Amino acid sequence: MLGQLKPQPEDAIIELMGRFKADPRPDKVDLGVGVYRNAAGETPVMRAIKAAERALWDSETSKSYTALAGDAGFHNAMADLVLADSVESTRIAAAATVGGTGALHIALELVKDAAPNATVWASNPTWPNHPPIIKRTGLRFAEYRYFDADARAVDFGAMMADLQTAQAGDIVLLHGCCHNPTGANLTLPEWQQVAALLTERGLIPLIDIAYQGFGDGLTEDAAGTRLIAAQCPEVLIAASCSKNFGVYRERAGVLLAIAADGPTRNVTQANLTALNRLNYSFPPDHGARLVTNVLNDPALRADWEAELEGIRTSMLSLRTQLADELRRLTGSDRFGFLAQHRGMFSRLGATPEQVVALREDHGIYMVGDSRMNIAGLSTDTVPLVAAAIAQTGI
Ligand code: LMR
């Protein structure tokens, strides 16, 4: 049987991690996988998470199962973080999941059960894992244009034109903030127009929010999601704690499903619980519990918010430093978009050959579509990276 299996292509982002590790050059720069790194190149455990972990070690008396949909305290804390008071809590069903990817998976299975003929629309480009996850559920997949590669900005007209062709009941996958891979995001008035189009055409938003707090701030980054939640009768939200709580390997995420009314919410909750049971029985609890304890403890929360804000502003200053350095070296403003984009990523606009040249000639690693992880830079490496970009003729 196993001999019938087809070879699988390696995941482009994860494969790059391996190549970087194997590169012996001491001055190599990793701008690949979306993991935050500080100036020393480390991905530290956040202070508040470490403190919550110590407290949990002291207070936790059992590792017995929690609930199939995960701990209700985690649902509530995450619903509050993402949605604040944009929607009545009686309309929100929730499931703790295996990271944000687990939340997407459960969301799509829910769609498959409720609306097997729906098409799921994703932005072109999107996170490379989105299309295969969608296709694997057997749901139809379509793309809407999103990015103007020349302007390195959102092509909002094209996005709206494509979404006009979606059928009532179709699912529209949106990045809540910090678009991956482009770094180009919708403005609030654009979110408003998207919300109007979704409601008017009966389309259902599925919002992937994996970088809340990495763009313009915790509240600002959730503004689009909250606006949609306040206006659309049904919304699915896959939220990840990997990045903003730095708990990558704990796999903490949540699916929030907003239903039109309380009774539908209850049926939705029963379905989410059943889907968790079918997929992995109980979701992991450790990371989710740390996140809950940080969010519910005022001192830990304040410290977490301060550290997250430090991460956000350090990425912003790296963006500005790189854009300034490139302006100086090239005598042009064509890299000004780097300072305008938000979140961990920007798409540089290099050809695949230039991406290879940056890697082979300069030890600078970025994803093949020239997505670069800004957090992989440091004030020391920005001049080197800028010089290499200028030299490569991008
Ligand atoms: C990324 O886009 O680099 C991250 O979300 C990590 C991953 O799993 O791809």
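As recorded by an unreviewed UniProt entry, the protein carries the name Aminotransferase and is attributed to Actibacterium lipolyticum. Listed in UniProt under the heading Sequence similarities (unreviewed entry), the comment for the protein reads: "Belongs to the class-I pyridoxal-phosphate-dependent aminotransferase family." According to its UniProt record, the protein has this under Subunit (unreviewed entry): "Homodimer."

(A) Examining the domain arrangement of the protein more closely. Parsing the protein into structural domains produces domain 1 (10–44 + 300–391) and domain 2 (65–296). Centre-to-centre, using C-alpha coordinates, domain 1 lies 26 Å away from domain 2. Of the residues lining the interface, 25 residues belong to domain 1; the matching set on domain 2 comes to 27 residues. Counting residues per element, the ones that place at least two in the side of domain 1 that touches domain 2 are α1 (12–22), α12 (298–330) and β11 (345–347).

(B) Focus on the sheet that holds strand β10 (residues 252–258). Strand order in the open sheet made by the 7 strands is β2-β10-β9-β8-β7-β3-β4, with mixed pairing throughout. Two strands close off the open sheet at either side, each with one partner strand: β2 (92–98) and β4 (140–145). Averaged over all neighbouring strand pairs, the angle between strand axes comes to 20°, with direction disregarded. Pairing of strand β9 (residues 235–240) with β10 involves 6 bridges; the strand directions are antiparallel.

(C) Inspection of the site of the ligand at higher detail. Near the ligand you find Ile13, Val33, Gly34, Trp127, Asn129 and Asn180, and these make up its full shell. A class-by-class count of the residues in the shell around the ligand yields 3 nonpolar, 3 polar and no charged. Counting residues domain by domain, the shell around the ligand receives three or more from each of domain 1 (10–44 + 300–391) and domain 2 (65–296).

Thresholds applied
Residues numbered from 1 in each chain as written. Predicted model: local features only at pLDDT ≥ 70, side-chain atom pairs only at ≥ 80, totals over all residues. UniProt positions renumbered as here; feature names shortened; annotations may be inferred. Domains from an automatic or database assignment. Contact = placed C-beta atoms within 7 Å. Helix = DSSP H or I, 4+ residues; strand = E, 2+ residues; numbered from the N terminus. Pairing = 2+ DSSP bridges. Axes fitted to C-alpha atoms, helices over the stretch in contact; angles between N-to-C directions. Near = placed C-beta within 6 Å. Nonpolar A, V, L, I, M, F, W, Y, C, P; charged D, E, K, R; others polar.

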